[in-house]
Amino acid sequence: WVQRPVTSILLLLTVASIGYHSYLGVQVVIEDYVPGKGLRVAAVVASTLAHFGIAIAAIFAVLKIAFGS
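Here's a quick rundown of the structure. This structure is a prediction, so every number in the text was calculated from the model and none was measured. (Residues numbered from 1 in each chain as written. Predicted model: local features only at pLDDT ≥ 70, side-chain atom pairs only at ≥ 80, totals over all residues. Heavy atoms only, no water.)

### As for the side chain of Ser-47
Going by this rule: A run of H or I in DSSP becomes a helix once it reaches four residues, and a run of E becomes a strand once it reaches two; helices and strands are each numbered from the N terminus. Every residue pair with non-hydrogen atoms within 4.5 Å of one another is taken to be in contact.
Mapped onto the elements, Ser-47 comes out in helix H2 (residues 37-66). Ignoring anything within four residues of it in the chain, the contact list for Ser-47 reads Val-26 and Ile-30.

### Here's the deal with a nonpolar patch on the surface
Stated precisely, the cut-off is as follows: Two joining distances apply to patches: 9 Å for like charges and 5 Å for nonpolar side chains (Val, Leu, Ile, Met, Phe, Trp, Tyr), and every residue must have over 30% relative accessible area and no salt bridge. Areas reported here follow the Shrake-Rupley algorithm with a probe of radius 1.4 Å; residue values treat only the protein chains shown as occluding. Throughout this description, the term salt bridge denotes a Lys or Arg side-chain nitrogen within 4 Å of a carboxyl oxygen of Asp or Glu. Using a 1.4 Å probe on the protein chains alone, a residue whose accessible area is under 20% of its type maximum counts as buried, one over 50% counts as exposed, and one in between counts as partly exposed.
On the surface, a cluster of nonpolar side chains totalling about 410 Å² of accessible area is made up of Val-6, Ile-9, Leu-10 and Leu-13. Positionally, Ile-9 belongs in helix H1 (residues 5-33). By relative accessible area, which is 48% here, Ile-9 ends up partly exposed.

### Side note on the packing of H1 against H2
Each packed pair of helices is defined by two parameters, the angle between the axes and the distance between the axes. The criterion, for reference: Structural elements are reduced to axes, namely lines fitted to C-alpha atoms, with helices fitted over the stretch in contact, and the angle between N-to-C directions of any two is expressed from 0 to 180 degrees. Roughly parallel refers to an angle under 35 degrees, roughly antiparallel to one over 145, roughly perpendicular to one between 65 and 115, and oblique to any angle outside these ranges. The residue classification treats Ala, Val, Leu, Ile, Met, Phe, Trp, Tyr, Cys and Pro as nonpolar and Asp, Glu, Lys and Arg as charged. All others, Gly included, are polar.
Where H1 meets H2, the axes come as close as 10 Å, and the angle between the chain directions of the two elements is 170°. Comparing their axes, H2 and H1 come out roughly antiparallel. Mapping the contact onto sequence places Ser-8, Leu-11, Leu-12, Val-15, Gly-19, Ser-22, Tyr-23, Val-26, Gln-27, Ile-30 and Glu-31 in H1 and Arg-40, Ala-43, Val-44, Ser-47, Thr-48, His-51, Ala-55, Ala-58, Ile-59, Val-62, Leu-63 and Ala-66 in H2. Here the contact of H1 with H2 is composed, by residue class, of 14 nonpolar, 7 polar and 2 charged.

Written out as structure tokens, the structure is:
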């Protein structure tokens, strides 16, 4: 069912919105609870890279299934 165009588009939008929502939530937690400016910046950068990498992997997986490769 993921190979259907409407389903794959909706799944891609869901993955993108969940990834962004998770990124924003983790960023707020980091800004509220991580002491020290340097450590806070490092944690936000690490979180951004991790969320971006996971989102790209999920989008790639959906596209790979959608195109039947």
